[in-house]
Amino acid sequence: MLISIESSCDDSSIAITDIKTKKLLLHKKISQEGEHQKYGGVVPELASRLHLEYLPKILEEAKPYLKDCKAVAVTNEPGLNVTLVLGVTMAKAIALSLKIPLIAVNHLQGHIYSLFIEKENIEPHTTLLLSGGHTQLMEFNGYSDIKVISKTLDDSLGEAFDKTAKMLGYPYPGGIEIERLANSGVDRFNFPVPLSNSPLLDFSYSGLKNAVRLQIQRSTNLKADECDIAKSFMVSATKHLTMKCKKYFKTNTPKLVSIVGGVSANRYIREEMSKLASSFGAEIIYPDMSYCSDNAAMIGRCAVDAYNNRDFTSIDKLGVNSKFINF
Ligand code: KG4
Ligand code: ZN
């Protein structure tokens, strides 16, 4: 078995995964969402202090498994430097004291592995990562073969959901609130679909966010308009995704497609992406709802492949990195 630690943003999480069977033996997570809500977003220093409090608490529960752990895995990029460093420090201490190898896991690769928790890998396939920090289309061909096709040029989709919620007066993280409001709304504002005339496969959400902001400023009765604003935003944001994916699918005809990351919990996006995939005769897969947002189970599952590939890292060389560079 191996132990995995996730602390890239506002979720403190630790998991124990069986290397042979890929079974999840323990999975604990303490979300800090409630604590950041009053500030309207994640406050890095507060997140860091809370990880310092929560991670040792969760580690207590993992203690009975430690003597049987063959490796320790940790998210080291991308994310908030001040929170990543806490998970990395804990992982180094475990590696040193148990004399076991250390595995560095890229958080975005971890999200792809959320599809394979307690399962075998599904490869090759095309995956659309939609999280709070990233929006990117990728080809997953295996543990050490992930190709980035396109990325967002500015905001991520999760950020656009969160900012729309904030402008409507809802707390962080706002994605789920926007989906709830949109379920009672109609798409009557016809917000622009970003980059709809561009040949690029890249994504962009800053223009749409601006259109939403202008509409909110124009509204004379925001309470009466909020569901329709949420719906109109969600429809345009999703059209942008499906248009870009369609462009890519036309030339690459994938047989299998997935959506991963926090925003992949959104039912409307799942439905629209599912329609698109089936129009290309492709199958679509999603992570279990409980593994869409950040968690150590996906980091542990990715680490199983790292372990089997002997992809270890040295204690003195492992650092953290806030930005995604490559896999
Ligand atoms: O992957 P994740 O947990 O964290 C990062 O790695 O960034 O994603 C968090 C994002 C937040 O922006 C949150 O608002 C969004 O996922 N989210 C949703 C939904 N549930 C979470 N967005 C839209 N609809 C949802 N149901
Ligand atoms: Zn994430």
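Look above for the structure.
Undergrad: How should I be thinking about the sheet that holds strand S3 (residues 24-31) in this particular structure?
TA: Sheet strands line up and pair through hydrogen bonds in the backbone, either parallel or antiparallel. Reading across from one edge, S3-S2-S1-S4-S5 is the order of the 5 strands in this open sheet, with mixed pairing throughout. Only two strands of the sheet have a single partner each, and these edge strands are S3 and strand S5 (102-106). In this sheet, neighbouring strand axes are inclined to one another by 20° on average, regardless of whether the strands run parallel or antiparallel. Across the sheet, helix H2 (residues 44-66) lies against strand S1 (2-6), strand S2 (11-17) and S3, angled at about 10° from S2, the strand it touches most. The sheet contacts of helix H3 (residues 81-98) involve S1, S2, strand S4 (71-77) and S5, and relative to S4 the element is tilted by about 160°.

Undergrad: I would appreciate a short explanation of the sheet that holds strand S7 (residues 135-142) in the present structure.
TA: Taking strand neighbours across the sheet as the criterion, the 5 strands line up as S8-S7-S6-S9-S10 in an open arrangement whose pairing is mixed. Of all strands in the sheet, those with a lone pairing partner are strand S8 (145-151) and strand S10 (283-285), marking the two edges. Taken pair by pair, the neighbouring strands of this sheet meet at an average axis angle of 25°, ignoring direction. Relative to S10, strand S9 (residues 256-260) runs parallel, the two sharing 3 bridges. Residue leucine 256 lies in a different strand from S10, and its bridge partner there is glutamate 283. Sitting on the sheet, helix H9 (residues 267-279) touches strand S6 (125-130), S9 and S10, and the angle it makes with S9 is about 165°.

Undergrad: Looking at this model, I keep getting lost on the site of ligand 1. Mind explaining?
TA: Taken together, 19 residues are adjacent to ligand 1, and Gly132, Asp162, Gly175, Glu179 and Gly262 come closest. Between glycine 175 and ligand 1, the recorded distance is 3.1 Å, taken from a backbone N or O atom to an oxygen atom. With respect to ligand 1, the side chain of asparagine 266 contributes an N or O atom lying 3.1 Å from a nitrogen atom. Contact with the protein chains hides 87% of the accessible area of ligand 1, taken as 560 Å² for the molecule alone. Looking at the shell around ligand 1, the elements with two or more residues in it are helix H4 (107-113), helix H5 (157-167) and helix H6 (175-182). Split into classes, the residues belonging to the shell around ligand 1 amount to 4 nonpolar, 12 polar and 3 charged.

Undergrad: Just to check I follow, could you spell out the pattern of salt bridges for this structure?
TA: This structure, assessed with the given rule, holds 15 salt bridges. A salt bridge links arginine 49 to glutamate 53; the nearest nitrogen and oxygen atoms lie 3.8 Å apart. One end of the pair, arginine 49, and the other, glutamate 53, are both in helix H2, 4 residues apart, so they sit about a helical turn from each other. We classify glutamate 53 as partly exposed; its relative accessible area is 38%. Residue aspartate 68 pairs with lysine 67 through a salt bridge whose shortest N-O separation is 3.5 Å.

Undergrad: Honestly, the coordination of the zinc ion (ligand 2) in this entry has me stumped. Any pointers?
TA: Surrounding the zinc ion (ligand 2) are the protein donor atoms His107 (NE2), His111 (NE2) and Asp294 (OD), at 2.0 to 2.1 Å. All donors of the zinc ion (ligand 2) come from a single chain, and their spacing in sequence reads H-x3-H-x182-D. With histidine 107 and histidine 111 both in helix H4 and 4 residues apart, this pair spans about one turn of that helix. With respect to class, histidine 107 is no different from histidine 111; both count as buried.

Undergrad: Hey, could you run me through the side chain of glutamate 272 in this one?
TA: Within the secondary structure layout, glutamate 272 lies in helix H9. A polar atom in the side chain of glutamate 272 sits 2.8 Å from the side chain of lysine 275. Those residues in contact with glutamate 272, other than ones at most four positions away along the chain, are Thr238 and Thr242.

Undergrad: Even after reading the chapter, I still don't get the side chain of histidine 111, so can you show me in this structure?
TA: According to the relative accessible area criterion, histidine 111 is buried, its value standing at 0%. Excluding its chain neighbours within four sequence positions, the residues that come into contact with histidine 111 are Leu129, Ser131, Val260, Gly261, Gly262, Cys292, Ser293, Asp294 and Met298.

Basis of the calculations
- Residues numbered from 1 in each chain as written.
- Chains lettered and ligands numbered in written order.
- Predicted model: local features only at pLDDT ≥ 70, side-chain atom pairs only at ≥ 80, totals over all residues.
- Heavy atoms only, no water.
- Pairing = 2+ DSSP bridges.
- Helix = DSSP H or I, 4+ residues; strand = E, 2+ residues; numbered from the N terminus.
- Axes fitted to C-alpha atoms, helices over the stretch in contact; angles between N-to-C directions.
- Contact = heavy atoms within 4.5 Å.
- Near = heavy atom within 4 Å.
- Polar contact = N/O pair within 3.5 Å; in protein donor to acceptor, adjacent residues only side chain to side chain.
- Areas by Shrake-Rupley, 256 points an atom, 1.4 Å probe, with all protein chains shown as cover.
- Nonpolar A, V, L, I, M, F, W, Y, C, P; charged D, E, K, R; others polar.
- Salt bridge = Lys/Arg side-chain N within 4 Å of Asp/Glu carboxyl O.
- Buried < 20%, exposed > 50% of the residue type's maximum accessible area, 1.4 Å probe, protein only.
- Donors = N, O, S within 2.8 Å, 3.2 Å for Na, K, Ca; no water.

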